[in-house]
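Single-letter residue listing:
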Amino acid sequence: MCNDDPDVFPKRTDDFAVRQLYNCNWIVVNCSSPANFFHVLRRQILLPFRKPLIAFTPKSLLRHPEARSSFDDMLPGTHFYRVISDDGPASKNPENVNRLLLCTGKVYYDLIRERKTRNMESNVAITRIEQLSPFPFDLIEMEVQKYPNAQIVWCQEEHKNQGYYDYIKPRIRTTINRSKPVWYAGRDPTSAPATGNKAAHLMELKRFMDTAFNINAFDGLV
């Protein structure tokens, strides 16, 4: 229902981000940190025009031990981040990164925990898309260019036919001028919103993580 064209990279201007906000029909975010949630609400109040704001951020992040921010991130001079780049070892040597995971929201914390467990912090970068609409074409382009040797994988905890994938994929492909595939890591399509069985849920989660961090998972696929 977003009114931007997924097949068109918006015209580049100095006020790209603000112009996108002005032209969109609504703003959709999925913030992964308290500071970014604070800033998007603050931005919404201060905008000189009114647009609906939809926040998908789940209430479970309120009690998540890793979802915390310093007060320094909310002081004057700080702002809302449409995209949050990886700032770990992978970002220090981007040419050695062979997989770029893109995600939004709570699943980020599952991914960084799994990456640490598998000792893959130097060759897998994880980037958070905090603003889904209007889509941050310009920042995603910079992220992809930063990791020239990396596969691009979209990760989500929702089932493939129920999450962000169908919205995200064409926009990423437009951003990179269809120069490489945009792979998917997550649960398979289903008609039910939830598995309803703990054992099946854990099995799906394991398969999800194996796909996300297995560098050879997409070998032989077109």
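The sections below set out a description of the structure shown in this document. Just so we're clear, the structure is a prediction, and the values are computed from it rather than from any experiment. (Residues numbered from 1 in each chain as written. Predicted model: local features only at pLDDT ≥ 70, side-chain atom pairs only at ≥ 80, totals over all residues. Heavy atoms only, no water.)

1. Some details on the pairing of strand E4 (residues 99-103)
It is a general feature of regular strands that their side chains alternate between the two faces of the sheet. Rules: Relative accessible area decides the class of each residue, using a 1.4 Å probe on protein chains only: under 20% of the type maximum gives buried, over 50% gives exposed, and in between gives partly exposed. Labels follow the DSSP assignment, with helices taken as runs of H or I lasting at least four residues and strands as runs of E lasting at least two, numbered in each case from the N terminus. For two strands to be treated as a pair, DSSP must find no fewer than two bridges joining them. The crossover handedness rule: strands pointing away from the viewer, path from first strand over the helix to second strand clockwise, crossover right-handed.
Among the five residues that make up E4, five are buried, leaving the element largely enclosed by the rest of the structure. Of the two faces of E4, the one carrying Arg-99, Leu-101 and Cys-103 and the one carrying Leu-100 and Leu-102 are both buried. For E4 and strand E5 (residues 124-129), the ladder comprises five bridges, and the chain directions are parallel. Residue pairing for E5: Arg-99 is matched across the bridge by Val-124. For the crossover from E4 across helix H4 (residues 107-117) to E5, the handedness is right-handed.

2. Observations concerning helix H1 (residues 16-23)
Short version of the rule: An arc is given here, and it is the one of the directions from the helix axis to the C-beta atoms.
For H1, the complete set of buried residues consists of Phe-16, Gln-20 and Leu-21. Mapping the buried residues of H1 onto a view down its axis gives an arc of 135 degrees, with all of them on the same face.

3. Some points on the packing of H4 against helix H7 (residues 198-213)
To keep things clear, this is the line we draw: Lines fitted to the C-alpha atoms define the axes, with helices restricted to the stretch that makes contact. Angles between their N-to-C directions range from 0 to 180 degrees. Any angle from 65 to 115 degrees is called roughly perpendicular, while one under 35 is roughly parallel, one over 145 is roughly antiparallel, and all others are oblique. Here a crossing is taken to be left-handed if its near helix is turned anticlockwise relative to the far helix by less than a right angle, and right-handed if that turn runs clockwise. Contacts are assigned to residue pairs that have any heavy atoms within 4.5 Å of one another. Residues are sorted three ways: Asp, Glu, Lys and Arg are charged, Ala, Val, Leu, Ile, Met, Phe, Trp, Tyr, Cys and Pro are nonpolar, and all the rest, Gly among them, are polar.
Contact geometry for H4 and H7: axes closest at 11 Å, N-to-C directions at 65 degrees. It follows that H4 is roughly perpendicular to H7 by the angle criterion. Where H4 crosses over H7, the handedness of that crossing is right-handed. When H4 is examined against H7, the residues Val-107, Asp-110, Leu-111, Glu-114 and Arg-115 are found in contact with a partner set consisting of Phe-208, Met-209, Ala-212 and Phe-213. A breakdown of the residues in the contact of H4 with H7 according to their chemical character gives six nonpolar, no polar and three charged.

4. So, the environment of Val-40
With respect to the helices and strands, Val-40 occurs in helix H2 (residues 34-46). For Val-40, a relative accessible area of 1% corresponds to the buried category. For Val-40 and Trp-183, which are 143 residues apart along the polypeptide, the C-alpha to C-alpha distance reads 29 Å. Excluding anything up to four places from it in sequence, Val-40 contacts Val-29, Cys-31, Leu-53 and Phe-80.

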